[in-house]
Amino acid sequence: ALAGLACFAEVVTIALSFWLSCVVCAQLVPGFQAPPLRLGVIICVLMVASIIERGDYGSGILLDRGVRPWSLAAALLQTVGVVLFLVSLSQAGHWTSFEKPLLSTGLTGVNVSTLAVWTSVFLILSYPALLTTRMLVRELSATLAYPRRVIVVGPHETCANMLKDAWPRSSRSMRILG
């Protein structure tokens, strides 16, 4: 349930970032034609798949409130790279010959330079938005979960040494009971 909540919040954030980047580009670039909705859907699906691939929706990370900004940046760049690769494939036929392109040219519906501006704006807007969403959702979801409890039983001296070693390594999702 916690992973579903985190995934849903990040999908909404990506969709809002897609929409907001189109609005910002419409203000910055005269005659800007926004990419079609299917490109936004492709971005959302690829982004969530990339985050899942990195294990960011695992229970240990969610309960420890781990934000992992490097993983989020890598997922975002990987997603944008794949989308740009698909766009370049859709334009490949126009660049190399007069034949039809490999994919439908309607994938983006915008020219390459406009797409480059939009991609930059999308990256600039979506990364801080995703980080903020991730921090908020991780804090809220961690309060909903019960922490794991570790109980140490045994001779006092052995237990004291074990607790002294384990205490600095304990996480927010784990409570050590002596």
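Residues numbered from 1 in each chain as written. Predicted model: local features only at pLDDT ≥ 70, side-chain atom pairs only at ≥ 80, totals over all residues. Heavy atoms only, no water.

## Some words on the confidence of the model for the protein chain
Taken as a whole, the protein chain shows an average pLDDT of 75; of its residues, 68% reach a score of 70 or greater. Here strand E2 (residues 174–177) is the element of the protein chain with the lowest mean pLDDT, 58, and helix H1 (residues 2–28) is the one with the highest, 87. Every residue in residues 100–105 scores below 50 in pLDDT, and together they form 13 contacts with partners more than four places removed in sequence or on other chains. (pLDDT = per-residue confidence, 0-100. Helix = DSSP H or I, 4+ residues; strand = E, 2+ residues; numbered from the N terminus. Contact = heavy atoms within 4.5 Å.)

## Things to note about the nonpolar core
Ile 14, Ile 43, Met 47, Trp 118 and Phe 122 are the most contacted members of the largest nonpolar core, which has 29 residues in total. Of all the elements in the fold, those that place two or more residues in this core are H1, helix H2 (37–53), helix H4 (69–96) and helix H5 (112–144). (Core = buried A, V, L, I, M, F, W, Y, C linked by side-chain atoms within 4.5 Å. Buried < 20%, exposed > 50% of the residue type's maximum accessible area, 1.4 Å probe, protein only.)

## Comments concerning a nonpolar patch on the surface
Taken together, the side chains of Phe 8, Val 12, Leu 16, Trp 19, Leu 20 and Val 23 present a nonpolar region at the surface, about 580 Å² in accessible area. Here Leu 16 is to be found in helix H1. A residue is classified by how much of its surface remains accessible, and Leu 16, at 52% relative accessible area, is exposed. (Patch = residues over 30% accessible without salt bridge, like charges linked within 9 Å, V, L, I, M, F, W, Y side chains within 5 Å. Areas by Shrake-Rupley, 256 points an atom, 1.4 Å probe, with all protein chains shown as cover. Salt bridge = Lys/Arg side-chain N within 4 Å of Asp/Glu carboxyl O.)

## Focus: the packing of aromatic side chains
What describes a pair of aromatic rings is the distance from one ring centre to the other and the angle between the planes of the rings. Evaluation of the coordinates by the stated rule reveals 2 aromatic pairs. Seen in terms of ring centroids, Phe 18 and Trp 118 are 5.4 Å apart; in terms of plane orientation they differ by 75 degrees. Their pairing is edge-to-face. In this pair, Phe 18 sits in helix H1 while Trp 118 sits in helix H5, placing the two residues 100 residues apart along the sequence. Between the aromatic rings of Trp 118 and Phe 122, the centroid separation amounts to 5.2 Å while the plane-to-plane angle is 20 degrees, which identifies the pairing as stacked. Here Trp 118 pairs with Phe 122, and both are found in helix H5, just 4 residues apart, close to one helical turn. There is no split in this pair, since Trp 118 and Phe 122 are both buried. (Phe/Tyr/Trp six-rings, centres within 6.5 Å; stacked < 30°, edge-to-face > 60°.)

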